[in-house]
Amino acid sequence: MSLPAHGDDESAADAPFDEEDSASLPASGIAARLRQALQIQGVPPRQQAAWVARLCDISVSQARRKLQGAGWLFDEVLTLAQHHGLSLDDLAQDQHLTGGTSPAAPLEKGHVLLEGAATACQVQIGHLLAPRDQAHTALQAVRDGDHWLIGAPTALRRLHPQGPRYAVQRLMLTPTPPRAPLRVAVVDDDVMAAESLCDWFDDAGGQAQAFGSADALLGTGLQQFDAFVVDFILGAGQSSEALIRHLRSQRPQAPIVLLTGRLRDGTASEDSLTNLMRALKVMFFEKPVRPAVLTAALLNSLDRTGGGGA
C-alpha cells in the first residue's frame with residue numbers, strides 16, 4: 001500500500017493536544033477503532049496521521065489530534081469508512097453517536113411531526129444515516145435538546161436543518177388523556193345568531209348553550225361553563241360591560257370573548273372595548289366571526305390557565 005504524502009508525520013509529534021472546536025461528533029472509541037483498522041490494513045501507526053489528513057483534507061496536526069481522541073466530523077468518519085471498506089456502525093459504536101444501534105436500544109423521549117403538529121412519542125433510535133441514504137429514508141430522527149425530533153426528511157430540514165440523522169427502529173405514540181368537551185355559554189340578543197354559533201360548537205365536539213340576555217345567563221350556575229362568548233352590544237343598545245365585570249369576578253380564569261359588528265356605525269365604543277380588554281383580560285372578535293378561530297383562541301386560553309376544555 002502506498003501512502004499519500006502530506007507532510008512529515010514525525011515533525012509534529014510534539015504538537016500539543018486540544019479539543020477541536022469545529023468537531024460536531026464525540027470521539028469516544030472512534031479513534032481507537034480507526035487506529036486499529038488502519039494498522040490491520042497496513043498503515044503503520046507513525047503514518048496514520050498523514051494518511052487521515054490526506055483523505056479528509058485536513059492538516060496533519062488536526063488528524064493527529066483526532067486520532068488521539070478529539071472530535072470527528074461525520075463526513076470525516078464516513079470518508080474513512082468508505083475508503084477502507086469499513087462499517088460505519090463499527091467505527092461509531094459510541095452511544096451518543098449512534099443513539100444505540102442494537103435491538104436492545106432503550107426507548108427515548110421524542111416528538112413526531114404529524115400533519116404539522118408535534119406529537120409526544122417514545123422512539124428507539126437506529127443506525128446513523130449516511131448523507132446519501134437520508135433522502136431515501138422515509139422516517140428519521142435528529143437530536144433536539146433533551147429529546148428526539150422524528151419526521152420525514154423535508155419536515156426535518158425545515159425545522160432542524162443541522163445535525164446527524166438516524167434511522168428509526170421503533171416508534172410509540174404517547175397517549176394523552178382526552179379533553180372533556182368544551183362547555184361554552186353564548187350570550188347574544190340575536191338568539192338565532194347565538195344558536196347558530198352553539199350549533200358549530202356542538203358539531204365540533206363541545207357543549208354550548210345560547211342565552212338571549214344577561215339575566216338569562218345569570219339565572220344559571222356559571223360554574224358549569226368553561227368559557228363565555230358575549231355580544232358586546234345587547235338589547236336596547238346597552239353594552240355588556242356590567243355582565244363582563246360580573247363574570248370576571250365570579251370566574252377569574254375563565255376565557256371571555258367579546259363579539260361585535262357595531263364598531264363601524266359607532267354603536268359600540270372602541271375606547272370602552274379596549275378598556276375592558278386591558279382591565280378584565282378579555283378577548284375580542286369582530287363579526288362575522290370564524291368559529292374555528294374562536295374555538296382555537298378559547299382552547300389556547302384554557303391551556304395557559306390550566307382550565308378544562310374540549
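Reading the values: rules and limits
Residues numbered from 1 in each chain as written. Predicted model: local features only at pLDDT ≥ 70, side-chain atom pairs only at ≥ 80, totals over all residues. Heavy atoms only, no water. Helix = DSSP H or I, 4+ residues; strand = E, 2+ residues; numbered from the N terminus. Buried < 20%, exposed > 50% of the residue type's maximum accessible area, 1.4 Å probe, protein only. Contact = heavy atoms within 4.5 Å. Areas by Shrake-Rupley, 256 points an atom, 1.4 Å probe, with all protein chains shown as cover. Phe/Tyr/Trp six-rings, centres within 6.5 Å; stacked < 30°, edge-to-face > 60°. Expected span 1.5 Å × (residues − 1). Core = buried A, V, L, I, M, F, W, Y, C linked by side-chain atoms within 4.5 Å.

### Some details on the overall build of the protein chain
The secondary structure content of the protein chain amounts to 13 helices and ten strands. For the protein chain, buried positions account for 40% of its 310 residues. Within the protein chain, contacts between residues separated by at least 24 positions form 67% of all contacts whose residues are at least 6 apart in sequence. Accessible surface, the protein chain as shown: approximately 16,400 Å² in total, 51% of it carbon and sulfur.

### Considering unusual backbone geometry
The bulk of non-glycine residues show a negative phi, and the bulk of peptide bonds are trans. The peptide bond linking lysine 287 to proline 288 adopts the cis configuration, its omega dihedral lying at 0°. Inspection of the secondary structure assignment puts proline 288 in the loop between strand E10 (283–286) and helix H13 (291–305). Positioned with a positive phi, aspartate 57 is a non-glycine residue whose angle comes to about 60°. Of note, aspartate 57 is situated in the loop between helix H2 (48–56) and helix H3 (60–67). Given a relative accessible area of 69%, aspartate 57 falls into the exposed group.

### Focus on the packing of aromatic side chains
A full pass over the atoms with the stated rule returns four aromatic pairs. Relative to tyrosine 166, the ring of tryptophan 148 lies with its centre 5.2 Å away and its plane at 85°, an arrangement referred to as edge-to-face. Residue tryptophan 148 is found in strand E4 (residues 147–151), and its partner tyrosine 166 is found in strand E5 (residues 166–173); the two are separated by 18 residues along the sequence. According to the relative accessible area criterion, tryptophan 148 is buried, its value standing at 2%.

### Digging into H13
Here H13 is 15 residues long and its end C-alpha atoms lie 21 Å apart, about the 21 Å a rise of 1.5 Å per residue gives. For H13, every residue scored as buried is listed here: Leu294, Thr295, Ala297, Leu298, Leu299, Ser301 and Leu302. Packed against the buried residues of H13 are strand E6 (183–187), helix H9 (191–203), strand E8 (227–231), strand E9 (256–260) and E10.

### Examining H9
Here H9 is 13 residues long and its end C-alpha atoms lie 18 Å apart, about the 18 Å a rise of 1.5 Å per residue gives. Elements that come into contact with the buried residues of H9 comprise E6, strand E7 (207–211), E8, E9 and H13. Looking one or two residues beyond H9, the residue adopting positive phi is glycine 205, at roughly 100°.

### Some words on the nonpolar core
Leu217, Phe228, Val230, Leu247 and Leu258 are the most contacted members of the largest nonpolar core, which has 22 residues in total. Leu182, Ala194, Leu294 and Leu302 belong to the second-largest nonpolar core, a separate cluster that totals 18 residues.

The analysis is restricted to geometry; functional conclusions fall outside its scope.
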